[in-house]
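For reference, the chains in residue letters:
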Amino acid sequence: MTLHEIELLTAAVALGAKRVRGWSAQEEALVAGLAAAPRESLGEIRDQIAQGADPLGEGFCLARSPVQRRPRGATYTPAPIVAAMVDWARSRGPSDRVVDPGAGSGRFLVATGRAFPHAELIGVETDPLAAVLCRAHLAAAGLAERATVRVEDYRAVQLEALGEGRRTLFIGNPPYVRHHLIDEGWKEWLGAEAKRLGLKSSALAGLHVHFYVATASLAQPGDLVCYITAAEWLDVNYGRMLRDLLLNRLGLQHLVMIDPAAQPFPDAQTTAVIACMEPGAPRESIHVRQVARSSQLGDLSGGLAVSRDRLGSEARWTVLVRPPRQVRGGMVELGELFRVHRGQVTGANGVWIAGPHAAHLPASVLTPAITRARELYAAGGRLTSDRSLRCVIDLPQGLDEFSPEHRAAIEAFLRFARSQGAHETYIASHRNPWYRVGLREPAPILATYMARRPPAFVRNLCGARHLNIAHGLYPRQEMDDELLMKFVNYLSTHVALSEGRVYAGGLTKFEPREMERILVPEPRLLVLEDVA
């Protein structure tokens with residue numbers, strides 16, 4: 001432990017952390033042998049907590065950097081967001097029990113404890129240090145007698161049934177952890193639980209989806225759920241399961257998105273959406289809205305009423321809060337004229353992008369390719385030479401065509417690739433053979449798709465291939481160079497960031513299908529140069 005963590009634990013024990021039920025062996029091991037905390041520092045902490053602050057949680061975020069907290073998804077929720085969510089829950093009437101599935105330092109538990117003076121408070125937290133701080137926060141706020149903190153995984157939690165007419169409020173910020181950091185055993189759990197609920201799961205789902213599914217199993221009709229999570233599930237394919245779950249079993253009522261450019265969590269580059277639900281009571285219409293910043297949340301129950309049927313048929317939900325597109329005559333979607341394909345995924349760029357380890361390979365397997373988005377931004381609309389590009393090692397399916405000398409060099413490279421684990425990556429395990437990257441044919445137009453500025457569209461005059469940092473635009477019908485260049489010029493000056501999927505801090509991404517929805521003039525108008 002760091003000195004700062006020891007100081008936090010010392011203060012937490014002195015504030016009465018052990019008075020909160022559920023004290024675990026893991027927590028006892030953390031605090032064993034700690035000295036007593038100075039009384040003067042405890043008084044200041046108690047004063048801050050009494051005024052609604054969370055000095056212990058703030059200290060935790062200073063003691064552990066965002067990078068250190070990322071594997072657990074520990075992103076602590078700012079006070080204005082907590083207040084808006086608790087206000088919504090209070091507007092629905094009294095709750096008898098409150099459950100926070102990822103309690104952290106107890107911000108939601110303390111706020112709900114004050115809002116519901118007779119409710120039992122249950123926090124679930126896997127990090128023993130955070131759990132101790134959560135207990136201290138509850139104790140200092142005078143809530144220890146009706147609080148329990150459980151140091152366990154929320155997906156394994158069991159709750160005692162409440163009597164008829166009694167309500168549980170599930171509220172909090174389920175941890176955001178990407179799918180590749182989730183154990184295979186828990187992915188299997190998600191698949192089994194989803195099947196039991198009549199849903200189709202995806203192994204690409206993040207941890208917040210797991211927590212929603214666990215809540216669907218625990219919640220009873222009449223309960224309330226109010227969660228804030230990263231907003232990517234609104235649009236991505238893996239989110240279909242969660243969208244179905246919200247519309248049906250979890251009874252979505254209100255959906256409030258915070259403008260991604262606002263960066264609602266100060267120490268995390270992530271988006272945010274709040275979902276308010278009443279399990280077992282699906283609505284015919286759901287209120288949907290977006291606010292520019294967290295301070296504008298106010299009453300979460302407002303917004304545009306959207307039918308449940310429409311939400312169920314939409315592949316992307318963020319479009320529902322955008323103004324409708326104004327389509328002028330003679331304009332068509334880009335996808336009517338071009339197929340948009342993401343570039344090839346290698347599975348291990350450090351191996352498949354040529355470097356010193358490729359020095360003896362034959363030139364025929366070294367293919368110039370766009371491997372960095374900045375190469376397209378620097379091209380200025382025309383990529384006329386591939387001399388400055390790096391090469392991708394693209395081996396054919398069979399190796400018998402090579403001379404003994406070249407075959408020996410390739411075999412040496414493959415031994416190197418295996419030593420780097422390149423044959424064990426997810427992508428390589430689904431290739432036949434594992435070493436065949438299989439670059440796409442050169443795209444006449446290349447485009448960036450993720451940045452804080454509009455995409456760069458570039459005429460690919462040198463026939464460069466591209467990895468998955470770029471999209472390739474392939475005409476559906478024959479086009480001459482002049483027409484292709486006109487499309488490049490038009491797209492370079494008319495595509496707005498708002499047409500893509502906006503992430504925290506203004507980072508915008510265009511998936512292939514999103515890029516195909518960009519409106520462009522019909523070819524005849526471009527030829528006549530009759531476009532604004």
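See the structure printed just above.
Rules behind the numbers
Position numbers for residues count from 1 along each chain, tracking the sequence in the order it is written. For this predicted model, a pLDDT threshold of at least 70 governs which residues receive local features, and a threshold of 80 or more governs which side-chain atom pairs are given and counted, while totals over whole chains, interfaces and linings are taken from all residues. The side-chain numbers reported here are obtained from all heavy atoms of the structure, hydrogens and water having been left aside. Only strands that DSSP links by at least two bridges are regarded as paired with each other. Numbering of helices and strands starts at the N terminus; helices are DSSP runs of H or I of at least 4 residues and strands are runs of E of at least 2. The criterion used for residue contact is that any of the two residues' heavy atoms lie within 4.5 Å. In this analysis an axis means a line fitted to C-alpha atoms, helices contributing only their contacting stretch, and an angle means the value between N-to-C directions, from 0 to 180 degrees. Only protein chains enter the calculation, and the probe is 1.4 Å; a residue is then buried if its accessible area is under 20% of its type maximum, exposed if over 50%, and partly exposed in between. Counted as salt bridges are all cases of a side-chain nitrogen of Lys or Arg within 4 Å of a carboxyl oxygen of Asp or Glu. Any angle from 65 to 115 degrees is called roughly perpendicular, while one under 35 is roughly parallel, one over 145 is roughly antiparallel, and all others are oblique. Left-handed describes a crossing whose near helix is turned anticlockwise from the far helix through less than a right angle; right-handed describes the clockwise counterpart. Here the term charged refers only to Asp, Glu, Lys and Arg, the term nonpolar to Ala, Val, Leu, Ile, Met, Phe, Trp, Tyr, Cys and Pro, and the term polar to all other amino acids, Gly among them. Between 30 and 60 degrees the pair is tilted, below 30 it is stacked and above 60 it is edge-to-face, where a pair is any two Phe, Tyr or Trp rings, Trp via its six-membered ring, whose centres lie within 6.5 Å. Definition of a polar contact: a pair of N or O atoms within 3.5 Å, with one able to donate and the other able to accept a hydrogen when the atoms are protein atoms, and with sequence-neighbouring residues admitted only if both atoms are side-chain atoms.

## Observations concerning the sheet that holds strand 13 (residues 382–383)
Ordered by their spatial adjacency, five strands build an open sheet running 11-19-15-17-13, and the pairing between neighbours is mixed. Strand pairing shows two members of the sheet lacking a second neighbour, strand 11 (338–342) and strand 13, which therefore form its edges. Inspection of the sheet shows strand 11 paired to strand 19 (residues 470–475) by five bridges, in the antiparallel sense. Within strand 19, the position partnered with R342 by the bridge is H471. Strands strand 11, strand 13, strand 15 (445–448), strand 17 (457–460) and strand 19 of the sheet are contacted by helix 17 (residues 481–494), whose axis makes an angle of about 165° with strand 17.

## Some details on the pairing of strand 19
With respect to burial, strand 19 is a largely interior element, five of its six residues being buried. Pairing geometry for strand 15 and strand 19, over four bridges, is antiparallel. From the neighbouring strand, I445 faces strand 19, where its bridge partner is L473.

## Considering the pattern of salt bridges
Counted by the stated rule, this structure contains 28 salt bridges. Across the salt bridge formed by R107 and E58, the nearest N and O atoms sit 3.2 Å from each other. One end of the pair, R107, is in helix 7 (residues 107–115); the other, E58, is in helix 4 (residues 55–63), with 49 residues separating them in the sequence. Residue class for R107 comes out buried when judged on its relative accessible area of 16%.

## A word on the packing of helix 1 (residues 3–14) against helix 4
Their axes nearest at 9 Å, the elements helix 1 and helix 4 cross at an angle of 160°. In this view, helix 1 runs roughly antiparallel relative to helix 4, as classed from their interaxial angle. For the pair helix 1 and helix 4, the crossing hand works out as left-handed. Here H4, E5 and L8 of helix 1 come into contact with helix 4, specifically with L56, G59, F60, L62 and A63. Here the contact of helix 1 with helix 4 is built from residues that sort into five nonpolar, two polar and one charged.

## Description of the packing of aromatic side chains
This structure, assessed with the given rule, holds 10 aromatic pairs. Consider the rings of F60 and Y76, whose centres lie 5.4 Å apart with planes at 5°: the pair is stacked. Taken as a pair, F60 in helix 4 and Y76 in the loop between helix 5 (66–69) and helix 6 (79–91) lie far apart in primary sequence, 16 residues in all. Accessibility assignment for this pair places F60 and Y76 in one class, buried.

## Quick notes on the packing of helix 1 against helix 8 (residues 128–140)
Helix 8 packs onto helix 1 with a crossing angle of 35° between their chain directions and a minimal axis gap of 9 Å. Between helix 1 and helix 8 lies a crossing whose hand is left-handed. Residues E5, L8, L9 and A12 of helix 1 form the contact with helix 8, whose participating residues are L129, V132, L133 and A136. Partitioning the contact of helix 1 with helix 8 into residue classes produces seven nonpolar, no polar and one charged.

## Quick notes on the side chain of T112
Relative to the helices and strands, T112 resides in helix 7. Accessibility expressed as a relative area gives 0% for T112, which makes it buried. One polar contact links the side chain of T112 to the main-chain carbonyl oxygen of F108, over a distance of 2.7 Å. Those residues in contact with T112 that lie beyond four places of it in its chain are V86, V98, L121, L169 and I171.

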